[in-house]
Amino acid sequence: QVQLVESGGGLVQAGDSLRLSCAASGRDLSSYSMAWFRQAPGKEREFVALISWRIGKLYYADSVKGRFTISRDNAKNTVYLQMNSLKPEDTAVYYCATDASGSYVYTDPRAYNYWGQGTQVTVSS
């Protein structure tokens, strides 16, 4: 089936930038939406960003809007998350997900059937 692999995480200082990648394999996902979520220790998994590949519409959480940008490379079946002006509160494991269900709103993790293993982002103050 579909496999998602995240990469690009690391340890950075506040104000720095990182670019996360999520490569999909198993089938062509160009007709489906893909989302980024994050989860900090002791916190619930929260929505970060989504790209609707049918029309290319973008959605962001209020906490990252203006700092993060989601994009895609259809030829590589890959989605990216460019993170600028990083803050310590951005520290979390970042996950990509796809194949959303119509039973849940897109910000709910339960809406997604496929998840990557996650990549750690740590932002020091």
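Look a little higher up for the structure.
The structure displayed is predicted, hence computed values, not measured ones.

We now examine the overall build of the chain. For the chain, the count of helices and strands is 0 helices and 11 strands. The N-to-C order of helical and strand elements in the chain reads β-β-β-β-β-β-β-β-β-β-β. Each principal axis of the C-alpha distribution contributes one length, and for the chain these read about 40 × 30 × 25 Å. A total of 125 residues make up the chain; the buried ones form 40% of that total. Restricting the contact set of the chain to residue pairs at least 6 apart, pairs at least 24 apart contribute 56%.

Enumeration over the complete set of coordinates arrives at 4 salt bridges. In this structure, Arg38 engages Asp90 in a salt bridge whose closest nitrogen and oxygen atoms are separated by 2.9 Å. With Arg38 in strand 4 (residues 34-39) and Asp90 in the loop between strand 8 (78-83) and strand 9 (92-100), the pair connects residues that are 52 residues apart, well separated along the chain. Overall, Arg38 belongs to the buried group, its relative accessible area being 5%. The partner of Asp90 in a salt bridge is Arg67, with the nearest N and O atoms 2.8 Å apart. In this pair, Asp90 sits in the loop between strand 8 and strand 9 while Arg67 sits in the loop between strand 6 (57-60) and strand 7 (68-73), placing the two residues 23 residues apart along the sequence. Of the two residues examined, Asp90 and Arg67, each falls in the buried class. Overlapping salt bridges, with partners in common, bring together Arg38, Glu46, Arg67 and Asp90 in one network.

Within the secondary structure, Leu86 sits in the loop between strand 8 and strand 9. With 37 residues separating them along the chain, Leu86 and Val123 place their C-alpha atoms 6.8 Å apart. Setting aside anything within four residues of it in sequence, one finds Leu86 in contact with Val12, Ala14, Gly15, Asp16, Ser17, Leu18, Arg67, Phe68 and Val123.

Turning our attention to the sheet that holds strand 1 (residues 3-7). Reading across from one edge, 1-3-8-7 is the order of the 4 strands in this open sheet, with antiparallel pairing throughout. The two strands at the open ends of the sheet, each matched to only one other strand, are strand 1 and strand 7. For this sheet the average axis-to-axis angle between neighbouring strands, irrespective of direction, equals 15°. The pairing of strand 7 with strand 8 spans 6 bridges and is classified as antiparallel. Its bridge partner being in strand 8, Thr69 is matched across the sheet by Gln82.

Moving on, we come to the state of the cysteines. Per the stated rule, a full pass over the model turns up 1 disulfide. Paired by a disulfide, Cys22 and Cys96 hold their sulfur atoms 1.9 Å apart. Measuring handedness by torsion sign, the sulfur bridge of Cys22 and Cys96 sits at about 60° and is right-handed. Here Cys22, found in strand 3 (residues 18-25), pairs with Cys96, found in strand 9; they are 74 residues apart in sequence, far enough to count as distant. Residues Cys22 and Cys96 agree in their burial class; the two are buried.

The rules behind the values
Residues numbered from 1 in each chain as written. Predicted model: local features only at pLDDT ≥ 70, side-chain atom pairs only at ≥ 80, totals over all residues. Heavy atoms only, no water. Helix = DSSP H or I, 4+ residues; strand = E, 2+ residues; numbered from the N terminus. Buried < 20%, exposed > 50% of the residue type's maximum accessible area, 1.4 Å probe, protein only. Contact = heavy atoms within 4.5 Å. Salt bridge = Lys/Arg side-chain N within 4 Å of Asp/Glu carboxyl O. Pairing = 2+ DSSP bridges. Axes fitted to C-alpha atoms, helices over the stretch in contact; angles between N-to-C directions. Disulfide = S-S within 2.5 Å.

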